[in-house]
Amino acid sequence: SQSNIVTAGDFNSTTRFGSFKYSLARYQYLHIAPESVILSAADQAAGLTFSVANDYIFNNDTSNTFNIIIPVRFPQGATITTSENIRVWSSGNGTNGLQVSMIFASKPTVNGWTSLSTGALIGTTTLGTAATNSITNIPYGSTFSLDNSFVGATCYLVIAFPVKISSNTPKLWGITLQYRMTQVDN
């Protein structure tokens, strides 16, 4: 039988093999690639498209703006603070950039739609307007610990794409979310 592994300077691990409890929370990263984002058929028909050849989502329409909503699957116990960041690789249309919002919403605790609570906005940022791609770090707007239980909370990213101007198509190559964990179960 294998025994628990303890990293030097950390607390003893729990009784399960592969579980580590750290004395200080350790950084973890969650990457959301464009190919994993689900685009509606209506949005795709109107001009929001995934480029297989270039691995990005782009708005190819000169009159329609688009919002995509991405559920964020942080692990149980993830800690988000204003010291961590969301890193976005994108480009704008030369006048407007992509707008990124993160919503932290409480799950309903009783039956019925009346129990749904309004989501707390973690932050909204407009990214670089230039048509050339760049990487932007967006700090979280508030601090919270994620509880994935029945009565916990869930997170969503909302990405707003401005219109295409001339040949400048707003693009999204990827998003990486930084968070901390005090315990990692492998």
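The structure reproduced in this document is the subject of the present report. (Residues numbered from 1 in each chain as written. Predicted model: local features only at pLDDT ≥ 70, side-chain atom pairs only at ≥ 80, totals over all residues. Heavy atoms only, no water.)

1. Structural notes on the overall build of the protein
At step 1: Along the protein, the regular secondary structure elements total 1 helix and 12 strands.
At step 2: Helices and strands appear in the protein in the N-to-C order β-α-β-β-β-β-β-β-β-β-β-β-β.
At step 3: The burial tally for the protein puts 39% of its 186 residues in the buried class.
At step 4: The long-range share in the protein, meaning contacts at least 24 apart out of those at least 6 apart in sequence, stands at 73%.
At step 5: For the protein, the exposed area adds up to about 10300 Å²; of that, 54% sits on carbon and sulfur atoms. (Helix = DSSP H or I, 4+ residues; strand = E, 2+ residues; numbered from the N terminus. Buried < 20%, exposed > 50% of the residue type's maximum accessible area, 1.4 Å probe, protein only. Contact = heavy atoms within 4.5 Å. Areas by Shrake-Rupley, 256 points an atom, 1.4 Å probe, with all protein chains shown as cover.)

2. Some points on the pairing of strand β11 (residues 153-161)
At step 1: The buried count for β11 comes to 8 of 9 residues, which makes it a mostly enclosed element.
At step 2: Sheet analysis places strand β4 (residues 66-72) next to β11, joined by 7 bridges and oriented antiparallel. If you follow Asn-67 over to β11, its bridge partner there is Ala-160.
At step 3: Taken together, the 8 bridges between strand β7 (residues 99-106) and β11 define a ladder with antiparallel strand orientation. (Pairing = 2+ DSSP bridges.)

3. As for the nonpolar core
In a soluble, globular protein the nonpolar side chains are often hidden away together inside.
At step 1: In terms of nonpolar packing, the biggest core is built from 34 residues, with Ile-68, Phe-74, Met-102, Leu-157, Ile-175 and Leu-177 touching the most fellow members.
At step 2: Listed by contribution, the elements that provide at least two residues to this core are β4, β6 (85-91), β7, β11 and β12 (171-185).
At step 3: For Ile-68, the residues in contact, after removing those within four places along its chain, are Val-37, Leu-39, Leu-48, Ile-57, Leu-157, Val-158, Ile-159, Phe-161 and Leu-172. (Core = buried A, V, L, I, M, F, W, Y, C linked by side-chain atoms within 4.5 Å.)

4. Some words on the packing of aromatic side chains
At step 1: A full pass over the atoms with the stated rule returns 6 aromatic pairs.
At step 2: With 5.5 Å between their ring centres and 85° between their planes, Tyr-56 and Phe-58 make a pair best called edge-to-face.
At step 3: The class for Tyr-56 is buried, based on a relative accessible area of 12%.
At step 4: Three or more aromatic residues link up through ring pairs in this structure, and these residues are Tyr-56, Phe-58, Trp-89 and Trp-173.
At step 5: Taking the ring centre of Tyr-56 as reference, the NZ or CZ of Lys-171 above it sits at 5.6 Å. (Phe/Tyr/Trp six-rings, centres within 6.5 Å; stacked < 30°, edge-to-face > 60°. Lys NZ or Arg CZ within 6 Å of the ring centre and 35° of its normal.)

5. Structural notes on the environment of Thr-109
At step 1: Along the chain, Thr-109 turns up in the loop between β7 and β8 (120-126).
At step 2: The class of Thr-109 is exposed, set by a relative accessible area of 58%.
At step 3: As a C-alpha pair, Thr-109 and Gly-152 span 43 residues in sequence and 8.8 Å in three-dimensional space.

6. A look at the environment of Lys-171
At step 1: By the element assignment, Lys-171 lies in strand β12.
At step 2: A relative accessible area of 13% means that Lys-171 is categorised as buried.
At step 3: It is 9.9 Å that separates the C-alpha atoms of Lys-171 and Asp-55, two residues lying 116 residues apart in sequence.
At step 4: Setting aside chain neighbours within four positions, we find Lys-171 in contact with Tyr-56, Ile-57, Phe-58, Trp-89, Ser-90, Ser-91, Leu-98 and Phe-161.

7. Some words on the side chain of Glu-84
At step 1: Structurally, Glu-84 can be placed in the loop between β5 (79-80) and β6.
At step 2: Overall, Glu-84 belongs to the buried group, its relative accessible area being 0%.
At step 3: A distance of 2.6 Å separates polar atoms of two side chains, one belonging to Glu-84 and the other to Arg-180.
At step 4: Excluding anything up to four places from it in sequence, Glu-84 contacts Tyr-27, Thr-79, Ile-138, Pro-139, Tyr-140, Gln-178, Tyr-179 and Arg-180. (Polar contact = N/O pair within 3.5 Å; in protein donor to acceptor, adjacent residues only side chain to side chain.)

8. Comments concerning unusual backbone geometry
At step 1: In this structure, Asp-55 is a non-glycine residue whose phi angle is positive, near 60°.
At step 2: With respect to the helices, strands and loops of the structure, Asp-55 is situated in the loop between β2 (48-51) and β3 (56-59).
At step 3: On the basis of relative accessibility, which here comes to 33%, the residue Asp-55 falls in the partly exposed class.
At step 4: One non-glycine residue with positive phi stands out, namely Ser-166, at about 55°.

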